[in-house]
Amino acid sequence: MSTAKKDYKRITTKSLIDMKMNGEKISMLTAYDFTMAKIVDSAGVDVILVGDSASNVMAGHETTLPITLDQMIYHASSVVRACERALVVVDLPFGSYQSDPKEALRSSIRIMKESGGHAVKLEGGSEIAASIKKILNAGIPVMGHLGLTPQSIYKFGTYSVRAKEDAEAEKLLEDAKMLEKLGCFALVLEKIPAHLAEKVAQSISIPVIGIGAGSGVDGQVLVLHDIIGMTHEFSPRFLRRYMNLFEEMSTAIGQYVSDVKSKDFPNANEQY
């Protein structure tokens, strides 16, 4: 299998499938606003996920459940305006697709028309198959999401690793194959055993993106604010922090306050 890296000027759903075939790993990060998305896109990230994690990161909610479809469209439209290369995938929020396939399609159409996003992502397997099929039949690309599905946190009761038992692992593999058969272009696997994630990635032809799912998958996704250290309370095993921006920003802002209080800012060169 080739590991040559192709220079993609614009990432599409086909680009991701080509990357898997060529053995090139796929990079994916979240973004929720124009400024951050501009930086992420310029850095060469392949996929930007406008995640419903905005509910936690941007709004301070305990779970992803409170964020609304209108709010997701707002965040997604801001991100799309910033991106020149990355594929922008938008989460369908809780309550916008579970009730019936027609509602799922209406929600997806709103996201595509009003935000300009390139694809939508849904959590779940066989239980939402009809909704996924309805969306795909309308020509809207769908990314699946299995394993730990945060919108179902009250059902699970915990954020612990999923699919450790044989029955759940077998269902996850069956659901992954079903999502591929329905026509999903990619799949996210969250917080499942690495050996199972690798098995899934080898069993289907569409790209598998992992978060807490080991290295045997086709790509990785993390929350931007986590990897740059803006959030500091959240430290799962799968998270690698590349910066400690919380500390750096706190120091810088503290210095600004001190300079204003001491009348050091602005100095003679910083005024007209």
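Residues numbered from 1 in each chain as written. Predicted model: local features only at pLDDT ≥ 70, side-chain atom pairs only at ≥ 80, totals over all residues. Heavy atoms only, no water.

Draft legend 1. Structural context of the overall build of the chain. Along its length, the chain carries 11 helices and 8 strands. The C-alpha atoms of the chain give 20 Å as radius of gyration, which agrees with the globular expectation for 272 residues (19 Å, within 12%). Along the first, second and third principal axes, the C-alpha atoms of the chain reach 65 × 40 × 35 Å. Counting over 272 residues, the chain shows a buried share of 49%. Taking the contacts inside the chain whose residues are at least 6 apart along the sequence as the reference set, 57% of them involve residues at least 24 apart. Counting every atom, the chain has about 13900 Å² of accessible surface; 54% of that belongs to carbon and sulfur. Here the chain contributes 30 positive and 33 negative side-chain charges, whose respective centroids are spaced 5 Å apart. (Helix = DSSP H or I, 4+ residues; strand = E, 2+ residues; numbered from the N terminus. Rg over C-alpha atoms; globule rule 2.2 N^0.38 Å. Buried < 20%, exposed > 50% of the residue type's maximum accessible area, 1.4 Å probe, protein only. Contact = heavy atoms within 4.5 Å. Areas by Shrake-Rupley, 256 points an atom, 1.4 Å probe, with all protein chains shown as cover. Lys, Arg positive; Asp, Glu negative; His and termini not counted. Charge placed at Lys NZ, Arg CZ, Asp CG, Glu CD.)

Draft legend 2. Seen up close, the sheet that holds strand 1 (residues 26–30). Taken in spatial order, the 8 strands of this closed barrel run 1-2-3-4-5-6-7-8, and their pairing is parallel. Each strand axis lies, on average, 25° off the axis of its neighbour in the sheet, ignoring direction. With 4 bridges connecting them, strand 6 (residues 186–190) and strand 7 (residues 208–211) associate as parallel partners. Residue Glu190 lies in a different strand from strand 7, and its bridge partner there is Ile211. Each of strand 5 (142–147) and strand 6 touches helix 8 (residues 166–182); the most contacted strand, strand 5, lies at about 175° to it. (Pairing = 2+ DSSP bridges. Axes fitted to C-alpha atoms, helices over the stretch in contact; angles between N-to-C directions.)

Draft legend 3. Just the environment of Val57, in detail. Looking at the secondary structure, you find Val57 in helix 3 (residues 54–57). When the C-alpha positions of Val57 and Leu224 are compared, they lie 9.6 Å apart, and in sequence the two are 167 residues distant. Apart from residues lying up to four places away in sequence, Val57 is in contact with Tyr32, Val223 and His225.

Draft legend 4. The side chain of Asp41, seen in detail. Within the fold, Asp41 resides in helix 2 (residues 34–42). Within the buried core, Asp41 has no salt-bridge partner, and the shortest N-O distance to an opposite charge, that of Arg85, equals 6.1 Å. A polar side-chain atom of Asp41 sits 2.8 Å from the main-chain amide nitrogen of Glu84. Only 3.1 Å separates the side chain of Asp41 from the backbone nitrogen of Arg85, close enough to count as a polar contact. (Salt bridge = Lys/Arg side-chain N within 4 Å of Asp/Glu carboxyl O. Polar contact = N/O pair within 3.5 Å; in protein donor to acceptor, adjacent residues only side chain to side chain.)

Draft legend 5. Layout of the pairing of strand 2 (residues 47–50). Burial of strand 2 is two-sided: the residues Val47 and Leu49 facing one way and the residues Ile48 and Val50 facing the other way are all buried. Where strand 1 meets strand 2, 3 bridges bridge the pair, whose relative direction is parallel. In the sheet register, Met28 faces strand 2, and the bridge partner there is Val47. Alignment of strand 2 against strand 3 (residues 87–91), held across 4 bridges, turns out to be parallel.

Draft legend 6. Highlighting the environment of Phe238. Looking at the element boundaries, Phe238 is found in the loop between helix 10 (224–227) and helix 11 (245–261). For Phe238, a relative accessible area of 26% gives the class partly exposed. Spatially, the C-alpha atom of Phe238 lies 8.5 Å from that of Lys191, the residues being 47 residues apart in sequence. Beyond its immediate stretch of four places on either side in the chain, Phe238 contacts Lys191, Ile211, Gly212 and Leu222.

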